[in-house]
Amino acid sequence: MTVPIVPGFHPDPSICRVGDTYYLANSSFEYVPGVPIRRSTDLVSWELVGHALTRPSQLPPSEGAANTGVFAPTLRHHDGRFHLVTTNILEAHRGHLIVTAEDPAGPWSDPVHVPGTDGIDPDLCWDDAGGCHLTWASFRPERPGITSVPIDPATGAMLAEPRPLWNGTGLAAPEGPHLYRVDGWWYLLLAEGGTERGHVVTIARARALEGPYEPAPTNPILTHRSTTHPVQNTGHADLVECADGSWALVYLGVRPRGKTPRFHVNGRETFLAGVDWVDGWPVVIEDRHRVAPEDHSFTDEFTSAQLHPRWVAPGAAPVTRWTGPGELVLTRTLLTRALDEYWTAVARLDVSSGTARFVVRIDGKHWYGLTADGSTITATLAIGPARDVVTTVAAGPVVALRIRALRPPASGPFREVTEPDLVELSVLGEDDQVLGAFDGRYLSTEVAAGFTGRMIGVEVLDGSVTLHEFRYSTDREEPPRH
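These numbers come from a predicted model, not from an experiment.

Caption draft 1: Summary view of the environment of histidine 77. Mapped onto the fold, histidine 77 is located in strand β6 (residues 74-78). Since its relative accessible area comes to 31%, histidine 77 is described here as partly exposed. Separated by 51 residues in the primary sequence, histidine 77 and aspartate 128 have C-alpha atoms spaced 15 Å apart. Setting aside chain neighbours within four positions, we find histidine 77 in contact with Cys16, Val18 and Phe82.

Caption draft 2: How the structure looks around the side chain of threonine 68. With respect to the element layout, threonine 68 can be found in the loop between β5 (47-53) and β6. Residue class for threonine 68 comes out buried when judged on its relative accessible area of 16%. There is a polar contact of 2.6 Å between the side chain of threonine 68 and the backbone oxygen of alanine 65. Other than its neighbours up to four places away in sequence, threonine 68 contacts Phe29, Glu30, Ile89 and Leu90.

Caption draft 3: Geometry of the nonpolar core. One finds Trp343, Phe358, Ile377, Leu425, Ile456 and Phe470 to be the most contacted residues of the largest nonpolar core, which totals 44 residues. Leave out the neighbours within four places in its chain, and isoleucine 377 touches Leu370, Thr371, Ala372, Thr391, Thr392, Val393, Ala395, Val399, Leu401 and Val427. Counting 24 residues, the second-largest nonpolar core is a separate cluster that includes Trp166, Leu188, Leu190 and Ala204.

Caption draft 4: Spotlight on the environment of tryptophan 186. Its location among the elements puts tryptophan 186 in strand β16 (residues 185-192). Here the alpha-carbon distance between tryptophan 186 and valine 149, two residues 37 residues apart in the chain, equals 15 Å.

Caption draft 5: View of the pattern of salt bridges. Inspection of the entire model under this criterion finds 22 salt bridges. Close ionic contact of arginine 348 with glutamate 469 constitutes a salt bridge, the shortest N to O distance being 3.4 Å. Within this pair, whereas arginine 348 is found in strand β29 (residues 343-350), its partner glutamate 469 is found in strand β38 (residues 465-474), the two being separated by 121 residues in sequence. For glutamate 469, a relative accessible area of 10% corresponds to the buried category. Residues glutamate 424 and arginine 404 are paired through a salt bridge, measuring 3.9 Å at the closest nitrogen-oxygen approach. Here glutamate 424, found in strand β35 (residues 422-428), pairs with arginine 404, found in strand β34 (residues 398-406); they are 20 residues apart in sequence, far enough to count as distant. Members of the salt-bridge network, linked through shared partners, are Arg76, Asp123 and Asp238.

Caption draft 6: Representation of unusual backbone geometry. The amide bond that connects valine 32 to the next residue, proline 33, takes the cis arrangement and shows omega of 0°. Counting through the fold element by element, proline 33 comes out in the loop between β3 (31-32) and β4 (34-40). In this structure, the amide linkage connecting asparagine 219 to the following residue, proline 220, adopts the cis form with an omega of -5°. With respect to the element layout, proline 220 can be found in the loop between β18 (214-215) and β19 (222-223). Residue histidine 236 is not a glycine yet carries a positive backbone phi of 45°. Owing to a relative accessible area of 4%, histidine 236 belongs among the buried residues under this scheme. For aspartate 279, which is not glycine, the phi torsion reads 55° and is therefore positive. With respect to the helices and strands, aspartate 279 occurs in the loop between β22 (269-278) and β23 (281-285).

Caption draft 7: Representation of the sheet that holds β22 within the structure. Taken in spatial order, the four strands make up an open sheet running β20-β21-β22-β23, and their pairing is antiparallel. Two strands lie at the open edges of the sheet, namely β20 (232-241) and β23, each paired on one side alone. Direction aside, the axes of adjacent strands within the sheet are offset by 35° on average. Alignment of β22 against β23, held across five bridges, turns out to be antiparallel. From the neighbouring strand, tryptophan 277 faces β23, where its bridge partner is proline 282.

Caption draft 8: Examining the state of the cysteines more closely. Evaluation of the coordinates by the stated rule reveals zero disulfides. With no disulfide of its own, cysteine 16 lies 13 Å from the sulfur of cysteine 242, the closest cysteine sulfur. Take cysteine 16: its relative accessible area is 6%, and that puts it in the buried class. This cysteine, cysteine 125, is not joined by any disulfide, and cysteine 132 carries the nearest cysteine sulfur, 7.1 Å off.

Caption draft 9: Structural view of the sheet that holds strand β2 (residues 21-25). The strand order across the open sheet built from four strands is β1-β2-β4-β5, with neighbouring strands paired in antiparallel fashion. Edge positions in the sheet fall to β1 (14-18) and β5, since each of these pairs with one other strand and no more. Direction aside, neighbouring strands of the sheet carry axes that sit 25° apart on average. Pairing analysis gives five bridges linking β1 to β2, with the strands arranged antiparallel. Looking at β2, one finds that serine 14 is bridged to alanine 25.

Caption draft 10: Structural detail: the pairing of strand β33 (residues 386-394). Across eight bridges, strand β32 (residues 376-383) lies against β33 in antiparallel orientation. Within β33, the position partnered with leucine 381 by the bridge is aspartate 388. Between β32 and β33, which pair antiparallel one after the other, the connecting turn spans two residues, and glycine 384 there sits at a positive phi close to 60°.

Caption draft 11: Just the packing of aromatic side chains, in detail. Tallied over the entire structure, the rule returns 17 aromatic pairs. Each ring, one from phenylalanine 298 and one from phenylalanine 470, has its centre 5.9 Å from the other, and the planes form 20°; the classification is stacked. Here phenylalanine 298, found in strand β24 (residues 298-300), pairs with phenylalanine 470, found in strand β38; they are 172 residues apart in sequence, far enough to count as distant. Exposure class is identical for phenylalanine 298 and phenylalanine 470. Each is buried. Look at phenylalanine 302 and tryptophan 311: their rings are 6.1 Å apart centre to centre, the planes differ by 40°, and that puts the pair in the tilted class. Side by side, phenylalanine 302 and tryptophan 311 carry an identical accessibility label, which is buried. A connected cluster of aromatic rings, assembled from ring pairs, spans Phe298, Phe302, Trp311, Trp343, Phe358, Phe470 and Tyr472. The cationic tip of arginine 310 hangs over the ring face of phenylalanine 298; the distance from NZ or CZ to the ring centre is 3.7 Å. Above the face of the tryptophan 367 ring, arginine 357 is positioned so that its terminal group lies 3.9 Å from the ring centre.

The rules behind each value
Residues numbered from 1 in each chain as written. Predicted model: local features only at pLDDT ≥ 70, side-chain atom pairs only at ≥ 80, totals over all residues. Heavy atoms only, no water. Helix = DSSP H or I, 4+ residues; strand = E, 2+ residues; numbered from the N terminus. Buried < 20%, exposed > 50% of the residue type's maximum accessible area, 1.4 Å probe, protein only. Contact = heavy atoms within 4.5 Å. Polar contact = N/O pair within 3.5 Å; in protein donor to acceptor, adjacent residues only side chain to side chain. Core = buried A, V, L, I, M, F, W, Y, C linked by side-chain atoms within 4.5 Å. Salt bridge = Lys/Arg side-chain N within 4 Å of Asp/Glu carboxyl O. Pairing = 2+ DSSP bridges. Axes fitted to C-alpha atoms, helices over the stretch in contact; angles between N-to-C directions. Disulfide = S-S within 2.5 Å. Phe/Tyr/Trp six-rings, centres within 6.5 Å; stacked < 30°, edge-to-face > 60°. Lys NZ or Arg CZ within 6 Å of the ring centre and 35° of its normal.

Spelled out as structure tokens, the structure:
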């Protein structure tokens, strides 16, 4: 499969089903609200219904440093309630956190922490007697690897000593554990090989949850390593039994482009595959579900004070003041995820009371932007420690700014494409001004490193600014530029 079911920066998917409806959670790292929750009835089309971590009591404000915050979650439904367990890496000393809700759209409870746990990627499961078990990838020297312990999910208390389970097939970074009870067996699903090109999915089984675990003879059961498949880094999967008794698997992958080593810019995305059980083992059928490309275009005219859940900010929730239709006053950053390979975003701003930057960014050190201060607009590129002011043009306090991710021109004797894309910065008006189109490689994970992807939005640098309108459009059919 080459089309994600949840595009853009949506890594570490976890899925569960209640009746005929499926629910999906993804990690969110430094962005708040944290852990987006989606709903679907067909596994292919997903609706963003909210976030699990929306309040400071659940996710304390931070400085929003890159690749911190909320790591991989697990979403499960048990005894009439949804349970979500995850790790706020900034509060790792408190242990993994558990929140619950009757409705996955929220509200979710304040967190219960499990003291004495460390590491990342926690999982929750329940045994046949109703006992709850927490499993995670431990970093503790005395018990490294995949570790599990029975807990009281209401209090976070451990009910026994943590114990090791199975640490995978010997590849790097065994993590992302999920336990399932199927036909009298306990199955332990893992990610191995690191979340880069060597990423794989492996599985083992045991008659008792404590083990010993027998690895599948066909491990890894999913990987695209050392292939030319357009989707790479495949791993960190989760299984779900479908309403009709069949099975499916969600997993993360990236869509790298350009010349070697190839560059992915929108982060790790969520993909879908089918699963058959053969001789007691899951066999992944990647082409079972047809996922067609979607048009993700939207226009937000801010007709009410209620923000759409697509909007987030680094470190703490967006701070806005709504003064009327089309008048969203910002005092700090407001961002949304880039969802397509090629796209156009336009923001209409009033900067008469402040200074703002319309930006596409991977993190605070890797971004391209247009800064408006009421009299000028400056195009700037930030690539790590280097910052280049490309040009400055005159402009008034009310501006329309555009950023586009364009298909790059082909070059060379074999017409190779070097860049994943070109990022174009423009000022719109009676005579549109294109201030430049710049190599997209420098806004990629391969350059910036880390776990997130491109975000688009407005950063307030001084005072307050009014966002009148934000438009995002999918540019799927644009012909190559020469």
